[in-house]
Amino acid sequence: MGSVETHGAVEAVWRIESARVIAGLARMVRDVGLAEELAQDALVAALEQWPETGVPRNPGAWLMTTAKRRAIDQFRRNETFGRKLDELGREQQAFEPDLADFDAVLDEEHIEDDILRLVFTACHPVLPTQARVALTLRMLGGLTTDEIARAFLVKESTVAQRIVRAKKALADAKVPFEVPVGEERMARLSSVLEVIYLIFNEGYSATRGDDWLRPGLCEDALRLARVLTGLMPTEPEVHGLAALLEIQASRSAARTGPSGEPVLLLEQDRGRWDQLLIRRGLAALARSEELAEGAYGPYSAQAAIAACHARARVPEETDWTRIAALYTGLAQLTPSPVIELNRAVAVSMAEGPEAGLELVDKLKDEPALKNYHLLPSVRGDFLVKLGRLAEAKAEFERAADMTGNARERTLLLDRAAAC
């Protein structure tokens, strides 16, 4: 295997194994920041050695072994970590005879618990949202700083600073490397789910830049959601989030036209929807409903709405009355002007544009929607259906001025011109 192919193999292995390696190291050293640095050192060693020696039979175990050795070397250089050295020395002796067989190095009994601890640590509420997102993509998604920066259209130095500050904040707050229990567990779980949801949404409807979709972010979020369902199989909202992302992701191929232009939901070719993802999403939703005994949380309610669209073979079969009812329930769970705006769309489809416009006009003075481009966009759509084209044109133009996405701006200006 050539150098280029080997580097590609290293990157692929890192994307798959990095979370396991970092999580296992964090259990040993009790410091997420140090664990990530040790794992990065092991990655550098792989990039240097594997082109000469070839990719080992168990590359994840190779990375873990190399990182563990570096951890012990580092503690040996610092006498103040004598106690840690004793602990790590005993663990090293336990597997030293088996180093030739890398399959035996990773402690399979602890891997899932370690990754779950890492999930709750990277998404800790002590960190600001952007830091949680960056740290999660770095430690659990295996993305480089440059990849995260390109995904969110920010400078690499900005992402690097967020990650460094996040590690310091976790250390300063003495955040324990553990899975929370009791009431704290549910509060912290909502933070974890929010991070995955935000990553997916930025990929699904990019807020900035020239592209309508960023598939890489959607795939990373979907992978994290699937991992979480395996780690927390009895939590209804974990399955609810997975269901929502699976169903939303099923439409990705139909959401853009030949030139990358946005294609709205009701205009999409449903033959291009991914039926495998839909089936996975509906199964996850059924599991969520079973665990919650029919009750909905915020993510499972959104998944139920997405399922209404997924089950409709043509737009005319969509059960808009049920969607409106689900939005009403969702608004009670998590009151939000954005949810009310979505409910207005569903009501307009079920009862007519006049009913929708009446609800939207009640939201015109909401501070949270002051710069939200979808408010004038939705209002413009209702006005078109009512034949009030001059007013609709002004609304679409206003929405175009508000959006930060170039593709969406073009779509809105085209709709304005059509009026």
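Residue numbers here run from 1 along each chain, matching the order of that chain's written sequence. Two thresholds apply to this predicted model, a pLDDT of at least 70 for residue-level local features and 80 or more for giving and counting side-chain atom pairs, whereas whole-chain, interface and lining totals are computed over all residues. Side-chain metrics in this entry use all non-hydrogen atoms of the structure; hydrogen atoms and water are not considered.

Another aspect to go through is the overall build of the protein chain. Helical segments are the DSSP runs of H or I of at least four residues, strand segments are the runs of E of at least two, and each set is numbered from the N terminus. Within the protein chain one finds 19 helices and zero strands. A total accessible area of about 20,100 Å² is found for the protein chain, and carbon and sulfur atoms account for 51% of it. The Shrake-Rupley method, run with a 1.4 Å probe, gives the accessible areas here. Residue values count only the displayed protein chains as cover.

Each Phe, Tyr or Trp ring, with Trp reduced to its six-membered ring, pairs with another whose centre is within 6.5 Å; inter-plane angles below 30 degrees give stacked pairs, above 60 give edge-to-face pairs, and intermediate values give tilted ones. Applying the stated criterion to the full structure yields three aromatic pairs. Aromatic pair Trp50 and Trp62: ring centres 5.3 Å apart, planes at 70°, arrangement edge-to-face. Residue Trp50 is located in helix H2 (residues 32–53), and its partner Trp62 is located in helix H3 (residues 59–76); the two are separated by twelve residues in the primary sequence. For the residue pair Trp50 and Trp62, the accessibility class agrees, reading buried in each case. Pairing Tyr197 with Tyr299 gives two aromatic rings, centres 5.3 Å apart and planes at 70°, and the pair type is edge-to-face. Separated by 102 residues along the polypeptide, Tyr197 in helix H9 (residues 182–204) and Tyr299 in helix H13 (residues 298–311) bring together distant segments of the chain. Whether a charge sits over a ring depends on NZ of Lys or CZ of Arg being within 6 Å of the ring centre and within 35 degrees of the ring normal. One Lys or Arg, Arg251, reaches over the ring of Trp273 and ends 5.7 Å from the middle of that ring. Positioned above the aromatic ring of Tyr204 is the side chain of Arg255, whose terminal nitrogen or guanidinium carbon lies 3.8 Å from the ring centre. With a 1.4 Å probe rolled over the protein chains alone, any residue whose accessible area is under 20% of its type maximum counts as buried; one over 50% counts as exposed, and the rest are partly exposed.

Regions with low pLDDT carry predicted coordinates that are not meant to be interpreted in detail. Values of pLDDT, which run from 0 to 100, indicate the predictor's confidence residue by residue. Scored by pLDDT, the protein chain comes out at a mean of 87, with 89% of its residues at no less than 70. Low confidence marks residues 92–106, where pLDDT is under 50. Its contacts with residues over four positions away, or in another chain, come to 24 contacts. When checking whether two residues touch, look at their non-hydrogen atoms; a contact exists if any pair is within 4.5 Å.

This brings us to the pattern of salt bridges. Here, a salt bridge means any side-chain nitrogen of Lys or Arg that lies within 4 Å of a carboxyl oxygen of Asp or Glu. For the structure shown, the criterion picks out 23 salt bridges. In this structure, the salt-bridge partner of Arg223 is Asp220, at a minimum N-O distance of 3.2 Å. Here Arg223 and its partner Asp220 are both found in helix H10 (residues 215–231), three residues apart, which amounts to about one turn of the helix. You can call Asp220 buried: its relative accessible area is 8%. Ionic pairing is found between Glu317 and Arg313, a salt bridge with its closest N-O pair at 2.9 Å. It is possible to trace a salt-bridge network through shared partners that takes in Asp361, Arg379, Glu395 and Arg398.

Turning our attention to the packing of helix H12 (residues 275–291) against H13. One can describe the packing of H12 onto H13 by two numbers: an axis separation of 10 Å at closest approach and a directional angle of 140°. As far as their axial angle goes, H13 and H12 are oblique. Of the two elements, H12 crosses H13, and the hand of that crossing is left-handed. Residue-level contacts link Ile278, Leu282, Leu285 and Ser288 of H12 to Ser300, Ala303, Ala304, Ala307, Ala310 and Arg311 of H13. Residues that form the contact of H12 with H13 fall into these classes: seven nonpolar, two polar and one charged. In this description, a line fitted to the C-alpha atoms serves as the axis of each element, helices being fitted only across the stretch in contact, and the angle between N-to-C directions of two axes falls anywhere from 0 to 180 degrees. By definition in this entry, angles of less than 35 degrees are roughly parallel, angles greater than 145 are roughly antiparallel, angles of 65 to 115 are roughly perpendicular, and the rest are oblique. Should the near helix be turned anticlockwise from the far one by less than a right angle, the crossing is left-handed, and should it be turned clockwise, the crossing is right-handed. All amino acids are sorted into three groups, where Ala, Val, Leu, Ile, Met, Phe, Trp, Tyr, Cys and Pro are nonpolar, Asp, Glu, Lys and Arg are charged, and the leftover types, Gly among them, are polar.

With that settled, the discussion passes to H3. Between its first and last C-alpha, H3 extends 26 Å over 18 residues, near the 26 Å set by a 1.5 Å rise per residue. Of all the 18 residues making up H3, 13 are buried; the element is thus mostly covered by neighbouring parts of the structure. Working rule for helices: expected span equals 1.5 Å times residues minus one.

Right, let's talk about the nonpolar core for a bit. One finds Leu25, Ile196, Leu228 and Leu245 to be the most contacted residues of the largest nonpolar core, which totals 122 residues. Among the elements that take part in this core, helix H1 (residues 3–29) stands out by supplying eleven residues, more than any other. Among residues more than four places away in sequence, those in contact with Ile196 are Ala221, Leu224, Ala225, Leu228, Leu241 and Leu245. The criterion is simple. A nonpolar core is a set of buried Ala, Val, Leu, Ile, Met, Phe, Trp, Tyr and Cys residues joined through side-chain atoms within 4.5 Å.

On to the side chain of Ser250. Structurally, Ser250 can be placed in the loop between helix H11 (236–249) and H12. According to the relative accessible area criterion, Ser250 is buried, its value standing at 2%. Beyond its immediate sequence surroundings of up to four residues, Ser250 is in contact with Arg272, Trp273, Asp274, Leu277 and Ile278.

This next bit is on unusual backbone geometry. We note that Lys174 has phi near 50°; this positive angle belongs to a residue other than glycine. Relative to the elements of secondary structure, Lys174 occurs in the loop between helix H8 (156–172) and H9. The backbone of Glu293 sits at a positive phi, close to 55°, despite the residue not being glycine.

Turning next to the environment of Glu147. Looking at where Glu147 falls in the secondary structure, it is placed in helix H7 (residues 145–152). Once residues lying within four places of it in the same chain are set aside, the contact partners of Glu147 are Arg15 and Gly142. Polar contacts involving the side chain of Glu147 include one to the main-chain amide nitrogen of Thr144, which spans 2.8 Å. Two N or O atoms count as a polar contact when they lie within 3.5 Å, although within protein this holds only if one can serve as hydrogen donor and the other as acceptor, and sequence-adjacent residues are included solely when both atoms are side-chain atoms.

Axis separation between H11 and H13 bottoms out at 8 Å; the angle between their running directions is 30°. The angle between the axes of H11 and H13 places the two elements in the roughly parallel class. With respect to the hand of their crossing, H11 and H13 are arranged in left-handed fashion. Facing H11, whose interface residues are Glu237, Gly240, Leu241, Ala243, Leu244, Ile247 and Gln248, H13 presents Pro298, Tyr299, Ser300, Gln302, Ala303, Ala306, Ala307 and Ala310.

This part takes up H2. Taking 1.5 Å per residue as the helical rise, H2 with its 22 residues ought to reach 32 Å, and the 30 Å between its terminal C-alpha atoms agrees with that figure. Think of it this way: the bend at a residue is just the angle between two axes, each fitted to seven residues, one set ending at that residue and the other starting at it. Of all the bends found along H2, the most pronounced is centred on Leu47 and spans about 30°, while Pro51, a proline, follows it within four residues. At the N-terminal end of H2, a side-chain oxygen is found 3.0 Å from the backbone nitrogen of Gly33, two or three residues along, and the residue is Asp31. Backbone geometry just downstream of H2 places Gly54 in the positive-phi region, at approximately 90°.

Let us look at the environment of Ala284. Here Ala284 is to be found in helix H12. Residues Ala284 and His239, spaced 45 residues apart in sequence, show a C-alpha to C-alpha distance of 5.3 Å. What Ala284 contacts, discounting residues up to four positions off in sequence, is His239, Ala242 and Ala243.

Its place among the elements puts Gln130 in helix H6 (residues 129–139). In this structure Gln130 comes out as partly exposed when scored by relative accessible area, which is 49%. Expressed as a C-alpha distance, the spacing of Gln130 and Arg162, which sit 32 residues apart in the sequence, is 7.5 Å.

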